[in-house]
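# Fold and contact review
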Amino acid sequence: MKPSEFFDDFSQLLLKWRNPLPGRDLPWAFEPNPYKVWISEIMLQQTQATTVIPYYLSFIEKFPDITSLTEASIDEVLNLWTGLGYYSRARNLHRAAQQIADQHNGQFPTNFEEILALPGVGLSTAGAICALAFGHKAPILDGNAKRVYARSFCVDDEKDSQRTRRLWKIADACTPAEDCQKYTQNIMDLGATVCTPRNPKCEVCPVGSLCCAKSTNLIEKFPARKQRVIRKTKAVTLVVALDQCNRLLLERRPPAGIWGGLWSFPEYSDHIDNVQKWFWQNYTMKISIIQTWDPFHHDFTHFRLNITPLLVQIADSESHRFLEVDIDLVSLDKPL
DNA sequence: ATCCAGACCT
DNA sequence: AGGTCTGGAT
C-alpha cells in the first residue's frame, strides 16, 4: 500500500475539480433527498445516464416520495420501468419500499447497514446513497470508480477477487470525511466523462499529475482484463429413449456433480457406434436408433457442454421395467 | 453469434 | 465463489 499522503493528494485534486465538460447537469445531481438519490442510483445501475433521464423524470412525477411508492402496486412500478431493462430492479424497489414502511416508519433509513439491507442495494450503491444524500464518509466502487482507481494506482492483480479487495481499500483510503458528497459526485463524473473506458481525456484529468497508468504510458492496460476462463468443451450424447407406449426413460443423476440429484436423460459419452452395447450393459434393454438430432450447446461457467440428443426406441418386451411417474413430480434439469 | 463486463444475490 | 440478467463491442 502506498503512503497515505498519496491518497490524500488524490482526494484533494479530485475535490478541487470543477467538471468543465458539458452534459452532466443531471436532474438528480445535488438533490440531497435520500429517496431521489436512491431511485436515481438504482436506475443508473448498468444503465447510461442519458437513457435514465426520461424514466427518472416520469418515475418521480408518478411517485414523488416513499409513501406514494409504498402505496403503488408492483404492476404500476413495472409499467414505468418498461423499456429500461433489468426488471428485477423494479421489483426490488417495490419490495424495498415495503421494507421501509414496515421497518423504518416510512422514513428512508440513514445508516449504512440499514440502507445496505434494502433489496437491490449492494455495497457500492449503499455507499453512494450515504455519501450523496447524507454527506457521510462512505466509499463507492462502481464501474467508473473502479476504472479511475485502477488507473491512478496501477492496480493489476490477476485474480478479480483480489483486485476488487484492493480497490475497496484504496477507495476507503481516498474517500474524505469532509465534502464526501462532492468527492463522490466527482469520481462518478470523472469516470463518466474523462477517465472513460477508451480514449480517456488525460490532458484534462484533474489527477493526471499523479496517475500511475498515465506516467507509465499504460492507460489502455487498465483496468486489467478479467482473467479469461479457459472453457473446455465436453461432448455428450443424451439418449431420448421411448418405449412402445411412448414413455420416456429418465434417470436420477448422482447426488454430486453436474445437475446433482436431478432427473435427466441417460448420458453417454463414447462413440455412437457402441451406444447399443452400452445401453444393454447399463439398462439391459435393446434399443434401435431412430435418429440423431442436431447438436446444441449449453454453457457453464467452466466448460461448454455439446449435447447431441439421440432418439431411440426401446424393444417392447422390456417395457415392464418402467416405473410410471407423473411428470409434474419430476424435477427436470433443463428445458427441451 | 459470441464474448465480455457490471451490479446484486445466494 | 458462482448465478443471473442484460447491453455493448467485436
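## A look at the protein's contact with DNA strand B
- Neighbouring DNA strand B are 15 residues; Gln-46, Gly-120, Gly-122, Thr-125 and Gly-143 lie closest to it.
- Within 4 Å of the protein, the contacting atoms of DNA strand B are drawn from sugar and phosphate to the extent of 74%.
- In the environment of DNA strand B, a phosphate oxygen lies 2.4 Å from a nitrogen or oxygen atom belonging to the side chain of Thr-125.
- The residue inventory of the surface near DNA strand B, partitioned by class, reads 3 nonpolar, 7 polar and 5 charged.

## Some details on helix 6 (residues 88-104)
- With 17 residues, helix 6 extends 23 Å from end C-alpha to end C-alpha; this agrees with the ideal 24 Å at 1.5 Å per step.
- Among all positions of helix 6, only Arg-89, Ala-90, Asn-92, Leu-93, His-94, Ala-96, Ala-97, Gln-99, Ile-100 and His-104 are buried.

## What about the packing of aromatic side chains?
- For the structure shown, the criterion picks out 13 aromatic pairs.
- Relative to Trp-81, the ring of Phe-59 lies with its centre 6.2 Å away and its plane at 85°, an arrangement referred to as edge-to-face. With Phe-59 in helix 3 (residues 49-62) and Trp-81 in helix 5 (residues 74-81), this residue pair connects regions lying 22 residues apart in the sequence.
- Owing to a relative accessible area of 0%, Phe-59 belongs among the buried residues under this scheme.
- Members of the aromatic cluster, each reached through a chain of ring pairs, are Phe-6, Phe-7, Phe-10, Tyr-149 and Phe-153.

## Describing unusual backbone geometry
- Looking along the chain, the bond that leaves Phe-222 and enters Pro-223 is cis, with omega of -5°.
- Here Pro-223 shows up in the loop between helix 12 (212-215) and strand 1 (232-242).
- Its identity is not glycine, yet Gln-46 carries a phi of approximately 55°, on the positive side.
- Of note, Gln-46 is situated in the loop between helix 2 (34-44) and helix 3.
- For Gln-46, a relative accessible area of 60% gives the class exposed.

Cut-off values and rules
- Residues numbered from 1 in each chain as written.
- Chains lettered and ligands numbered in written order.
- Predicted model: local features only at pLDDT ≥ 70, side-chain atom pairs only at ≥ 80, totals over all residues.
- Heavy atoms only, no water.
- Near = heavy atom within 4 Å.
- Polar contact = N/O pair within 3.5 Å; in protein donor to acceptor, adjacent residues only side chain to side chain.
- Nonpolar A, V, L, I, M, F, W, Y, C, P; charged D, E, K, R; others polar.
- Helix = DSSP H or I, 4+ residues; strand = E, 2+ residues; numbered from the N terminus.
- Expected span 1.5 Å × (residues − 1).
- Buried < 20%, exposed > 50% of the residue type's maximum accessible area, 1.4 Å probe, protein only.
- Phe/Tyr/Trp six-rings, centres within 6.5 Å; stacked < 30°, edge-to-face > 60°.

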